[in-house]
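# Report on the structure
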Amino acid sequence: MELNSVKGSAGAADNHPFVPATVDVLITGAGPTGISLGIDLARRGVRALIVERQDRLSQGARGTGLQPRSQEVYEDLGLLDAIREVGGHYPPTALWKDGRITEVHEMIERVDPTPAVPWSTALMVPQFRTLEVLHARLTEVGGSVLFGTELTEFAQDADGVTARLQRADGTAHTVRAAYLVAADGGRSTVRRALGTAMSGPDLEPGVALLADIRVDGLDRDHWHRWILPTGGFIGILPLAGTGDLFQTMIAGPGGSPDPSAETVRALLAEHTHLTAEQIREVVWTSLFRPRAGMADSYREGRVFLAGDAAHVHSPAGGQGLNTSVQDAYNLGWKLGLVLRHGAPDTLLDSYGAERRPIAADILETSTRLHRSGSLRRGRDLHQLGVGYPDSPLSRELRTDLAEGVPVAGDRAPDAPCRTADGRPARLFDAFRGPHFTLLVLGGAALDATALPTDPALLRIVRVGGPDADLLDADGHVRDAYGSAPAVLLVRPDGYLALGAPDEDATAEVATALADLIGTTALQPTG
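What comes next is a walk through the structure. (Residues numbered from 1 in each chain as written. Predicted model: local features only at pLDDT ≥ 70, side-chain atom pairs only at ≥ 80, totals over all residues. Heavy atoms only, no water.)

## Remarks on the overall build of the chain
Check the secondary structure of the chain and you find 11 helices and 29 strands. Taken over C-alpha atoms, the radius of gyration comes to 24 Å for the chain, in line with the 24 Å a tight globule of 526 residues would show. C-alpha extents for the chain along the principal axes are approximately 75 × 55 × 40 Å. The burial tally for the chain puts 56% of its 526 residues in the buried class. For the chain, the accessible area works out to roughly 21200 Å², and carbon and sulfur atoms hold 50% of it. Once the 49 positive and 67 negative side-chain charges of the chain are each reduced to a mean point, those two points are 4 Å apart. (Helix = DSSP H or I, 4+ residues; strand = E, 2+ residues; numbered from the N terminus. Rg over C-alpha atoms; globule rule 2.2 N^0.38 Å. Buried < 20%, exposed > 50% of the residue type's maximum accessible area, 1.4 Å probe, protein only. Areas by Shrake-Rupley, 256 points an atom, 1.4 Å probe, with all protein chains shown as cover. Lys, Arg positive; Asp, Glu negative; His and termini not counted. Charge placed at Lys NZ, Arg CZ, Asp CG, Glu CD.)

## Details of the pairing of strand β11 (residues 172–182)
Alignment of strand β2 (residues 22–28) against β11, held across 6 bridges, turns out to be parallel. Within β11, the position partnered with Leu26 by the bridge is Leu180. Linking strand β10 (residues 161–167) back to β11 in an antiparallel pair, the connection comprises 4 residues, with Gly170 at a positive phi of about 95°. Pairing analysis gives 3 bridges linking β11 to strand β20 (residues 303–305), with the strands arranged parallel. By the bridge assignment for β20, Ala182 is matched with Leu305. (Pairing = 2+ DSSP bridges.)

## A look at the sheet that holds strand β18 (residues 293–295)
The strands making up a sheet associate through backbone hydrogen bonding, with each pair oriented either parallel or antiparallel. An order of β12-β18-β21 is seen for the 3 strands of this open sheet, with the pairing classed as antiparallel. Only two strands of the sheet have a single neighbouring strand rather than two, namely β12 (198–199) and β21 (311–312). As paired elements, β12 and β18 share 2 bridges and run antiparallel to each other. Counted as the bridge partner of Ser199 is Met294 from β18.

## Remarks on the packing of helix α2 (residues 68–76) against helix α7 (residues 320–341)
For any two helices packed against each other, the geometry is given by the interaxial angle and the distance between the axes. At a minimum axis separation of 10 Å, α2 and α7 run at an interaxial angle of 40°. With respect to α7, the axis of α2 lies oblique. Considering only the axes of α2 and α7, their crossing is left-handed. Taken together, the residues of α7 that come into contact with α2 (itself represented by Arg69, Ser70, Val73, Tyr74 and Asp76) are Leu321, Asn322, Val325, Gln326 and Tyr329. For the contact of α2 with α7, the class distribution of residues is 5 nonpolar, 3 polar and 2 charged. (Axes fitted to C-alpha atoms, helices over the stretch in contact; angles between N-to-C directions. Parallel < 35°, antiparallel > 145°, perpendicular 65-115°, else oblique. Left-handed = near helix turned anticlockwise from the far one by under 90°. Contact = heavy atoms within 4.5 Å. Nonpolar A, V, L, I, M, F, W, Y, C, P; charged D, E, K, R; others polar.)

## Some details on the environment of His224
The topology assignment puts His224 in strand β14 (residues 223–227). Using a relative accessible area of 0% as the deciding quantity, one classes His224 as buried. For the pair formed by His224 and Ile101, sequence separation is 123 residues and the distance between their alpha carbons is 8.8 Å. Once you skip the residues sitting within four places of it in the chain, His224 turns out to touch Ala94, Trp96, Leu218, Asp219, Ile234, Gly235 and Ile236. Within the structure, the side chain of His224 is placed 3.0 Å from the side chain of Trp96, a separation counted as a polar contact. Among the polar contacts made by the side chain of His224, one reaches the main-chain carbonyl oxygen of His222 at a distance of 3.4 Å. (Polar contact = N/O pair within 3.5 Å; in protein donor to acceptor, adjacent residues only side chain to side chain.)

## Side note on the environment of Gly241
Summarising the element assignment, Gly241 is placed in the loop between β15 (233–238) and β16 (245–251). Residue class for Gly241 comes out partly exposed when judged on its relative accessible area of 47%. Spatially, the C-alpha atom of Gly241 lies 4.7 Å from that of Val86, the residues being 155 residues apart in sequence. In contact with Gly241, not counting residues within four places along its chain, are Val86 and Arg129.

## Topic: helix α11 (residues 505–517)
The terminal C-alpha atoms of α11, which comprises 13 residues, lie 18 Å apart, in line with the 18 Å expected from a rise of 1.5 Å per residue. Listed as buried for α11 are Ala505, Thr506, Val509, Ala512, Leu513, Leu516 and Ile517. Here the buried residues of α11 occupy an arc of 130° about the axis, which is enough to place them on one side. Summarising the contacts, the buried residues of α11 are in contact with α7, β22 (395–396), β25 (436–441), β26 (458–463), β28 (486–490) and β29 (496–501). Just past α11, the residue Gly518 takes up positive phi, approximately 80°. (Expected span 1.5 Å × (residues − 1). Arc of directions from axis to C-beta.)

Right, here's the structure in full:
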């Protein structure tokens, strides 16, 4: 993406002058992927250093759609309330022709929440606001970003990675890390240094001009749209939580426009009823040329690719940021187990095994939407159906399950319930944190003394039965998980690792945990 800061943005993030000589994880890139990973690692007690070559957080509204599954991720990371405060719902789309609105329709499908899916509709949040909230949360949990710092070279060996960092003032530093995670974008320096190839479909050549603007003459109750003679379109979206800021996308304007304020004004004046004078301010612009591809491997030794460094695709469908953040969410708990609980390094191989098929599916979906030209977005893009049923970490032992009951590899649904003393609670409350959660349903027999006692590793939650922690007063747990007694091991990222029947449940849980984290971390009280 070619960037043009038309107007300098205030509020550059505070820099942190200290460069540690050793860290657990070095992360390159302070975008949504890198900072989300930094938050997840910090809450696990993992020492991570995020380096960003720019001197501040990236500007621009860019990708604005936060899908329901990503909202669940942000809730677990402790920042959803702050995100929702600066976000909002997408307004209906108004189609303009000859200076008047000729049609109004909902482009983003709104879905009512359910007990199992509390966040059910895409949220509109400008990316610069997302980054501000992420950075504030990172600071809150003790992490930081080293701005104005670029990774110039690195070498890895059997025990770690040695990286050379260059500061904006010309000083150089050497940092030793156990692992390196590249979250440095579609033109990743780390991926190129590794020699990892990208493969994917060819997209039709074209260009889109993005801009954040302040404009007179448009209401903020619609997402305004015009069709261009070239077959492209102009969209002007009022950005939630920004006062009077709009995002405009000029897709397929013809030629290769320069990303200047004058170009934005001229194109809008030419193809809409707006005059150049009504574009009061052009705050930020960028040229975007769609590409599609996926890294042939997400891991090379002690180096991992995440986010746009691992996969790039058309923005159609609003999947990019969401898929990238969930890369970080998948990798974070595995790094935490290896570095803090002695899990075998081979656990990290499951990162690519799980996330590459997801990226392939997203690549196919976004490419199809890009080529179709359709702008309608439904619940099929919410990523709530993303799962890992074929993962080596998923083990389903139950049989004769009713239709719709989640199995190993599926997302673990939420369910409102009550504590033993009658207070309202949610399963998501029990899942929140860096630990595994063992759901014991319907009074299933379980010997807790044969399992790990570290609450940072495993927490046992009994729903129903004689020693219940939670009561399914309204049947929402039963509706979500079925009525049969069972033991379900929920991974730290909210997916089922194990579904086991009542018989021999303790032994099955112990075996699953041993396979996941090795025997080092298993310290039962018995």
